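Chain by chain, the residues run as shown.
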Amino acid sequence: MQLVSPFFLILLIVVPLLIIALQWFRKEAIVPVVRFSDFRHGFAAGIQHMRQTLSVKALPTLRVIRFVILALLILTLARPQLSQSRVHKSAEGIDILLALDISESMRAEDFEGINRIQTAKSVVNDFLTHRENDRIGLVVFSGESFTLCPLTLDYPVVAELLRDVEIGQLQDGTAIGDALATAIYRLRVSASKTKIVILLTDGENNAGTINPETAVSLAKSFGIKVYTIGMGKEGGTRIPYADTTFGKRYREVLTYLDEDTLKQIANGTGGRYFRATDTHSLKRIYTEIDRFEKTKFETVSSIVHKELAAYFLIPAVLLLGIEILLGNTLLRKIP
């Protein structure tokens with residue numbers, strides 16, 4: 001709370017001064033005295049033992065009410081206000097389709113002892129926590145593609161569906177072109193000014209019915225930017241498999257990452273290509289993309305002042321009415 005005219009508070013000193021002055025005048029006032037020879041007998045004794053009525057005892061209440069009214073009026077003149085700060089945020093979110101490779105090669109355990117799919121799911125989940133006001137969808141692909149989650153603002157739902165993603169849910173292979181086409185299909189009707197696809201894969205396009213070049217043309221026609229991430233180390237890597245006799249076993253598999261195609265997809269749509277060879281680099285990639293495509297906020301601040309003078313003036317008026325009413329009825333004095 002603040003006061004627009006705080007200098008009026010100086011007048012509050014008048015209240016105690018008036019109280020002191022009235023007390024002094026009462027002591028100095030000349031009271032007519034009727035002298036009697038003996039206070040113990042007759043009329044004087046009767047006056048001495050006369051009991052005061054409730055009305056007489058309540059007479060000082062009128063003076064108290066007058067002083068309270070005076071204090072409230074002074075506070076009203078000081079114009080108390082309550083300041084409230086308001087912040088208005090206007091933001092236009094972007095639409096993001098996450099395309100995640102779930103082919104068999106994503107079982108490779110070359111990311112600090114953790115397989116590629118689990119590492120990718122963990123990093124993508126962290127990426128979700130940093131988004132705000134952006135619609136996000138999820139496409140999974142291997143030999144075919146499937147929209148696991150359409151565009152939504154419900155990030156916990158996306159995270160839950162992502163957590164349940166497993167290798168083997170779709171036909172094996174790597175259909176990069178189909179994955180892009182599925183993501184573009186979901187984004188094509190979006191009214192957002194910014195539409196992006198983040199495609200993560202560890203292989204080359206060897207399945208599906210749509211080639212990457214066609215998908216790039218579609219993305220450009222709808223103004224969709226594609227960021228591509230190539231995952232995995234160069235050369236051979238160990239991929240686990242289940243052996244009915246010895247349990248979990250590993251085999252060395254030479255995985256081929258078609259970086260040229262991924263670069264062409266990114267460059268052709270205005271995006272960027274990244275290579276992730278370990279968990280740290282993959283996290284850094286998503287952090288960088290997050291910084292590139294962060295939603296911008298327009299913040300407008302305003303301060304609203306609420307006048308509080310009425311909260312002092314209204315009680316003052318009510319007390320004045322009560323004082324006038326009591327002074328002319330129950331607490332009326334005869335001159």
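Computed from a predicted structure; not experimentally measured.

What follows concerns the overall build of the protein. On a plain count of helices and strands, the protein comes out with eleven helices and eleven strands. The proportion of buried residues among the 335 residues of the protein is 39%. Intrachain contacts of the protein at a sequence separation of at least 6 include 79% that bridge at least 24 residues. Carbon and sulfur atoms make up 59% of the accessible area of the protein, which amounts to about 20200 Å² in all.

What follows deals with the sheet that holds strand S5 (residues 145-152). Pairing within the open sheet is mixed, and its six strands lie in the order S5-S4-S3-S6-S7-S10. Looking at which strands have only one partner, the edges of the open sheet turn out to be S5 and strand S10 (273-276). Across this sheet, the average inter-strand angle for adjacent strands is 15°, counted without regard to direction. In this structure, strand S6 (residues 195-201) lies alongside strand S7 (residues 224-231), joined through seven bridges in parallel fashion. Paired with Lys195 across the strands is Ile224, a residue of S7. Of the strands in this sheet, strand S3 (95-101), strand S4 (135-141), S5, S6 and S7 are in contact with helix H7 (residues 176-187), which crosses S6 at around 155°.

Overall, the coordinates contain one cavity of 30 Å³ or more when judged by the stated rule. The computed volume of the largest cavity comes to approximately 30 Å³. Lining the largest cavity are Leu98, Ala99, Leu100, Val124, Leu138, Leu162, Ile198 and Tyr286. No other element matches S3, which puts three residues into the lining of the largest cavity. Grouping the constituent residues of the lining of the largest cavity by class yields eight nonpolar, no polar and no charged.

Turning next to the environment of Thr152. Relative to the elements of secondary structure, Thr152 occurs in strand S5. For Thr152 and Ile136, which are 16 residues apart along the polypeptide, the C-alpha to C-alpha distance reads 5.3 Å. Among residues more than four places away in sequence, those in contact with Thr152 are Asp134, Arg135, Ile136 and Val158. There is a polar contact of 3.0 Å between the side chain of Thr152 and the backbone nitrogen of Asp154.

Before going further, it helps to examine the packing of H7 against helix H8 (residues 212-221). Running from amino to carboxyl end, H7 crosses H8 at an angle of 20°, the nearest separation of the two axes being 8 Å. What the angle tells us is that H7 and H8 run roughly parallel. Read as a crossing pair, H7 and H8 show a hand that is left-handed. Together, Gly177, Leu180, Ala181 and Ile184 of H7 and Pro212, Ala215, Leu218 and Ala219 of H8 make up the contact between the two elements. Residue composition of the contact of H7 with H8, by class: seven nonpolar, one polar and no charged.

Definitions and limits used
Residues numbered from 1 in each chain as written. Predicted model: local features only at pLDDT ≥ 70, side-chain atom pairs only at ≥ 80, totals over all residues. Heavy atoms only, no water. Helix = DSSP H or I, 4+ residues; strand = E, 2+ residues; numbered from the N terminus. Buried < 20%, exposed > 50% of the residue type's maximum accessible area, 1.4 Å probe, protein only. Contact = heavy atoms within 4.5 Å. Areas by Shrake-Rupley, 256 points an atom, 1.4 Å probe, with all protein chains shown as cover. Pairing = 2+ DSSP bridges. Axes fitted to C-alpha atoms, helices over the stretch in contact; angles between N-to-C directions. 1 Å grid on protein atoms, 1.4 Å probe; cavity = no way out; pocket = protein on both sides within 12 Å on 5 of 7 lines; lining within 4 Å. Points joined across faces, edges and corners; volume = space filled by probe spheres on them. Nonpolar A, V, L, I, M, F, W, Y, C, P; charged D, E, K, R; others polar. Polar contact = N/O pair within 3.5 Å; in protein donor to acceptor, adjacent residues only side chain to side chain. Parallel < 35°, antiparallel > 145°, perpendicular 65-115°, else oblique. Left-handed = near helix turned anticlockwise from the far one by under 90°.

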